[in-house]
Amino acid sequence: MAPDSGPFPEGPLLKLLPVDARDRGTQRCRLGPAALRALGAHLGSAVKISLPDGGSCLCTAWPRRDGADGFVQLDPQCASPGAAVGAPGSRGSLNLSRLRLVPCPPLRLLAVWPVLRELAGVSGAPNPAAVLEAAQELLRNRPVSLGHVVAAPPGAPGPVAALHIVSGAPNPNPAGLVTPRTHISLSGLPPSEEEPQPEVPLGGLSEAADSLRELLDLPLSYPRALASLGLEVPRGVLLAGPPGVGKTQLVRAVARKAGAELLAVSAPTLQGSRPGETEENVRRVFQRAQELASRRPTLLFLDEVDALCPRRGGPHQAPESRVVAQVLTLLDGISGGREVVVVGATNRPDALDPALRRPGRFDREIVIGTPTLRQRKAILQVITSKMPISSQVDLSLLAEMTVGYVGADLTALCREAAMHALLHSEKNQDNPMIDETDFLEAFKKIQPSSFRSVIGLMDIKPVGWEQIGGLEDVKLKLKQLEFQEVFNSNVMIVAATNRPDVLDDALLRPGRLDKIIYIPPPDEKGRLSILKVCTKNMPMGPDISLENVAADTCFFSGADLGNLCKEAALLALQENGLEATTVKQEHFLESLKTVKPSLSHKDLTLYKNLFQKQGFSNLEDI
C-alpha cells in the first residue's frame, strides 16, 4: 500500500455513476486506470473520499469492469453519519483531489456500538452474543475508520443494522483493517457519550510504557488463541516506583492505547469501618471489572495497593489478613478466561504481602525509578511544550540541575516558574515569557522528592570545617582520609555510631571499615572553640567570658553546648519582653542550672575500657 499521498491540489472531474448491483455491501470504489495511476493505488488499497457535504466514506480501490476512465462508482458501506453519498454533488461528479490513499494497518482491538433492527415477531433485546457474532461477520476483512458507520447490506440477516466505530488499537484514524485476529467488542457507551481520549505524551516513561503494553497485549488482544494453546497468560502486573514518577499516568495512557476499559480505584478508599466491609468493597470492584469485560477487555488499576494488602503477621492483624486473603482469592478467580488484567501500583513493594507477588497473581513487576538525565529532559520537553519558554532557557541544563526530581517535581518546578513570570513580568503582563531567572527562583521553592524523608525535607547543605568547633585532631584525620580517597576511588564511606559494642566484628575487619576514629568529648580548649561558633551571631554583652563558661562545662558535648547557648539567648529575650537584647554572663550561669551534660565519667570509662578490651589494631589514637 502506498503511503498517504494527501489530497491533490487539482484533478479531473470524475462522473459519479450508480453503484453496480454486484458491488452493494462490498465497500468497493470502482475507478478507471488513469485515476488508479494518479492515486498510486493498487487492488484493494484503502481510499478515503471527502464528500462535498463535509462527510467522508472509506472504500477499497478496484478497477472498473469496462476499463473506462472519467467515472467513479462507490459503495458507501463505511461512511460518516449523515453523509449524502447517494448524491454528493449537484452535478453528480467528484474531483479526483477528494480521493486520497490512507494507511490501513491491521487492528488488534475494535470497539463498536451496534444499531439494532426491529425483527418481525421477535420481542425484547437480542442476545449480546448474537449481536457480537453479527458484528464480527459484518466487519470481516473490512477497512474501518474512527467515527464512521458501517451499514449492513440490504436484506442481510441478523439483528444488526449498522455499527458505529467507537475506538480501536491502533487508533483507526484515518483507517484500520479488521482481520481474523482483531478482537471486536461492544462499546458500553453510544458514540455521542464517548469522551474523546487525546494522546498524552509520556515524557520519560516510553520504555516502561512499552514493557507494560507488551504484557497487556497478550491477555487483552489474543485471549482465545492463548486459551486454545493451553497457555496461562499473565493476569497481574505490579508497578513499583517512588511517588510522583507517573505510575497512574502510565496506566491510563496504556489502557487508552490498547483500547481497553479502565477501572481505576484508589485502594485506601476501599477500607471500611465495620467488620467485613473492606472485603465487600473489594468483591464489588472485581465484580464490576468482570461486568465491563463482558463488553470489552478491561484493566483494573489498584493504586496504593500496599494499603490494602500489607504484609501479614503479628497478633493484631486479623482484619488485614482477611482482606489479603480475599484479594488473593479474587486474583486467582480472574484466570478463568475473563479478559481482565489487574495492575497494582505501590511505592513500598517490600510492604506488600509476599503471596501477592508469586506467579499467577502479580507475577510481572515493572520498576519505574527516579528519572535519568535523558528522561528528565524528555519530561521537561513535554511539560514546556505549551508554555511560553524563552529561547534562552536550556532544557538540557535544567535536566542536569534536577537530579532526584521525579515527574511531579518537574511539573511543580515549571508551574512555579510560570507563576513567578506572571507575577514579576514588567515588560508584558498579558503575555509573560518564562526565562532562566524564573526557573532559578522556582528552584528555591521546589525540592526533589528523593531528598525528602518520612517527616520532611532533609538538610543536605554542606558544612565547612570552620563551622565545627574543636576536634582539631579528628578533623586532621578525616582530611587525610579524604585526600587518600581522591587518589583511590573517589568514594569514601563514613559510618557513625555511639554503640560500637553491638557492631558485628566482620564489619570492622580490614577492607571494610578500615579505620576507627574515636571522637572524645571536647576538652576545655575544644569547648571554647565550640562556644565561639555557637555565639558567632549572638549579641554578646561586655561582661561575657566564654573562657569561664568553657571551664564550667566539663562533660558537655557539642550538642550540649549549642543547647546551652540557645537557652541563654531565650532567657535574655524573656527578661526583656521578647525584645532584642544582649546576652550576659548571668544568662549563661542561669542556663547552667537547667542544661546538664549528656556525658559522665562513667560513660567515658566504658568507652575507654571497650576499646582497650577489643584491642582494635586500626584504632586511631588521638
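Here's what I pulled together on the structure shown here. As the structure is a computational prediction, the values presented were derived from the model and not from experiment.

Criteria and thresholds
Residues numbered from 1 in each chain as written. Predicted model: local features only at pLDDT ≥ 70, side-chain atom pairs only at ≥ 80, totals over all residues. Heavy atoms only, no water. Helix = DSSP H or I, 4+ residues; strand = E, 2+ residues; numbered from the N terminus. Contact = heavy atoms within 4.5 Å. Areas by Shrake-Rupley, 256 points an atom, 1.4 Å probe, with all protein chains shown as cover. Buried < 20%, exposed > 50% of the residue type's maximum accessible area, 1.4 Å probe, protein only. Pairing = 2+ DSSP bridges. Phe/Tyr/Trp six-rings, centres within 6.5 Å; stacked < 30°, edge-to-face > 60°. Lys NZ or Arg CZ within 6 Å of the ring centre and 35° of its normal. 1 Å grid on protein atoms, 1.4 Å probe; cavity = no way out; pocket = protein on both sides within 12 Å on 5 of 7 lines; lining within 4 Å. Points joined across faces, edges and corners; volume = space filled by probe spheres on them. Nonpolar A, V, L, I, M, F, W, Y, C, P; charged D, E, K, R; others polar. Patch = residues over 30% accessible without salt bridge, like charges linked within 9 Å, V, L, I, M, F, W, Y side chains within 5 Å. Salt bridge = Lys/Arg side-chain N within 4 Å of Asp/Glu carboxyl O. Lys, Arg positive; Asp, Glu negative; His and termini not counted. Charge placed at Lys NZ, Arg CZ, Asp CG, Glu CD. Axes fitted to C-alpha atoms, helices over the stretch in contact; angles between N-to-C directions. Parallel < 35°, antiparallel > 145°, perpendicular 65-115°, else oblique. Left-handed = near helix turned anticlockwise from the far one by under 90°. Polar contact = N/O pair within 3.5 Å; in protein donor to acceptor, adjacent residues only side chain to side chain. Expected span 1.5 Å × (residues − 1). Arc of directions from axis to C-beta. Core = buried A, V, L, I, M, F, W, Y, C linked by side-chain atoms within 4.5 Å.

Quick look at the overall build of the chain now. Along the backbone of the chain there are 17 helices and 21 strands. Nonlocal contacts in the chain, meaning residues at least 24 apart in sequence, comprise 78% of its contacts between residues at least 6 apart. As displayed, the chain offers around 34200 Å² of accessible surface, 54% of which is attributable to carbon and sulfur atoms.

A few words now on the pairing of strand 12 (residues 160-169). Counted residue by residue, strand 12 has nine buried out of 10 residues, so it is predominantly covered. Direction of pairing for strand 9 (residues 109-116) relative to strand 12: antiparallel, over a ladder of eight bridges. From the neighbouring strand, leucine 110 faces strand 12, where its bridge partner is glycine 168. Pairing of strand 11 (residues 149-151) with strand 12, which is carried by three bridges, proceeds in the antiparallel orientation. Note that in strand 12 the partner of alanine 151 across the bridge is alanine 162.

Inspection of every chain in the model, using the stated rule, returns one aromatic pair. Plain terms: the ring middles of tyrosine 405 and phenylalanine 443 are 6.1 Å apart, the flat faces sit at 85° to each other, and that makes the pair edge-to-face. With a gap of 38 residues between them, tyrosine 405 in the loop between helix 9 (395-401) and helix 10 (407-424) and phenylalanine 443 in helix 11 (residues 436-443) connect regions that are remote in the sequence. By relative accessible area, phenylalanine 443 is classed as buried at 14%. Positioned over the ring face of tryptophan 62 is arginine 28, at 3.8 Å from the centre of the ring.

We now examine empty space enclosed by the protein. In total, this model carries one cavity of 30 Å³ or more according to the counting rule given. Approximately 30 Å³ is the volume attributed to the largest cavity. Lining of the largest cavity is provided by Leu109, Leu110, Ala111, Ser167, Gly168, Ala169, Ser185, Gly259, Arg296 and Pro297. Listed by contribution, the elements that provide at least two residues to the lining of the largest cavity are strand 9 and strand 12. Tallied by class, residues from the lining of the largest cavity come to five nonpolar, four polar and one charged.

Below, the discussion takes up a negative patch on the surface. A surface patch of negative charge is lined by Asp394, Glu400, Asp435 and Glu436. We classify aspartate 394 as partly exposed; its relative accessible area is 40%.

Bringing the packing of helix 8 (residues 373-383) against helix 10 into the picture now. Between helix 8 and helix 10, whose axes approach to 10 Å, the crossing angle comes to 45°. Taken together, the axes of helix 8 and helix 10 are oblique relative to one another. Between helix 8 and helix 10 lies a crossing whose hand is right-handed. Contact residues: helix 8 offers Arg376, Ile379, Leu380 and Ile383, while helix 10 offers Gly407, Leu410, Thr411 and Cys414.

Turning next to the side chain of arginine 30. Along the chain, arginine 30 turns up in strand 2 (residues 28-31). Separated by 2.8 Å, the side chains of arginine 30 and aspartate 23 make a polar contact. Ignoring anything within four residues of it in the chain, the contact list for arginine 30 reads Asp23, Trp62, Pro63, Arg64, Arg65, Phe71, Val72 and Gln73.

This part is about the environment of leucine 308. Considering the arrangement of structural elements, one finds leucine 308 in the loop between strand 17 (298-303) and helix 7 (318-334). For leucine 308, a relative accessible area of 2% puts it in the buried group. Once the C-alpha coordinates of leucine 308 and valine 327 are considered, the two residues, 19 residues apart in sequence, prove to be 8.8 Å apart.

A few words now on helix 6 (residues 277-293). With 17 residues, helix 6 should cover 24 Å at 1.5 Å per step; its first-to-last C-alpha distance of 25 Å lies within 8% of that length. Along helix 6, the residues classified as buried are Thr278, Glu279, Asn281, Val282, Val285, Phe286, Ala289, Leu292 and Ala293. With its buried residues spanning 165° around the axis, helix 6 presents them on a single face.

This part is about the sheet that holds strand 16 (residues 261-266). Neighbouring strands of a sheet are bound in pairs by backbone hydrogen bonds; such pairs are parallel or else antiparallel. Strand order in this open sheet of five strands is 16-17-18-15-19, and the pairing throughout is parallel. In the strand order of this sheet, the two ends are held by strand 16 and strand 19 (364-367), each with one partner. Averaged over all pairs of adjacent strands, the angle between strand axes in this sheet comes to 20°, irrespective of strand direction.

A separate point is the packing of helix 10 against helix 11. Following both chains from N to C, one finds helix 10 and helix 11 inclined at 120°, their axes separated by 8 Å at the closest point. By the angle between their directions, the pair helix 10 and helix 11 is classed as oblique. The handedness of the crossing between helix 10 and helix 11 is right-handed. Taken together, the residues of helix 11 that come into contact with helix 10 (itself represented by Leu413, Cys414, Glu416, Ala417, His420 and Ala421) are Asp438, Phe439, Glu441, Ala442 and Phe443. For the contact of helix 10 with helix 11, the class distribution of residues is seven nonpolar, one polar and three charged.

This part takes up the nonpolar core. Of all hydrophobic cores here, the largest spans 29 residues; its most connected members are Phe286, Leu300, Leu308 and Val342. Every element with two or more residues in this core is listed here: strand 16, helix 6, strand 17, helix 7 and strand 18 (340-346). Per-element tally for this core: the top contributor is helix 7, with seven residues. Apart from residues no more than four positions distant in its own chain, valine 342 is found in contact with Arg235, Gly236, Val237, Phe286, Leu300, Leu302, Leu331, Ile334 and Phe362.

This part takes up the environment of alanine 496. Relative to the elements of secondary structure, alanine 496 occurs in the loop between helix 12 (472-486) and strand 20 (516-517). Along the chain, alanine 496 and isoleucine 517 lie 21 residues apart, while their C-alpha atoms are 9.6 Å from each other.

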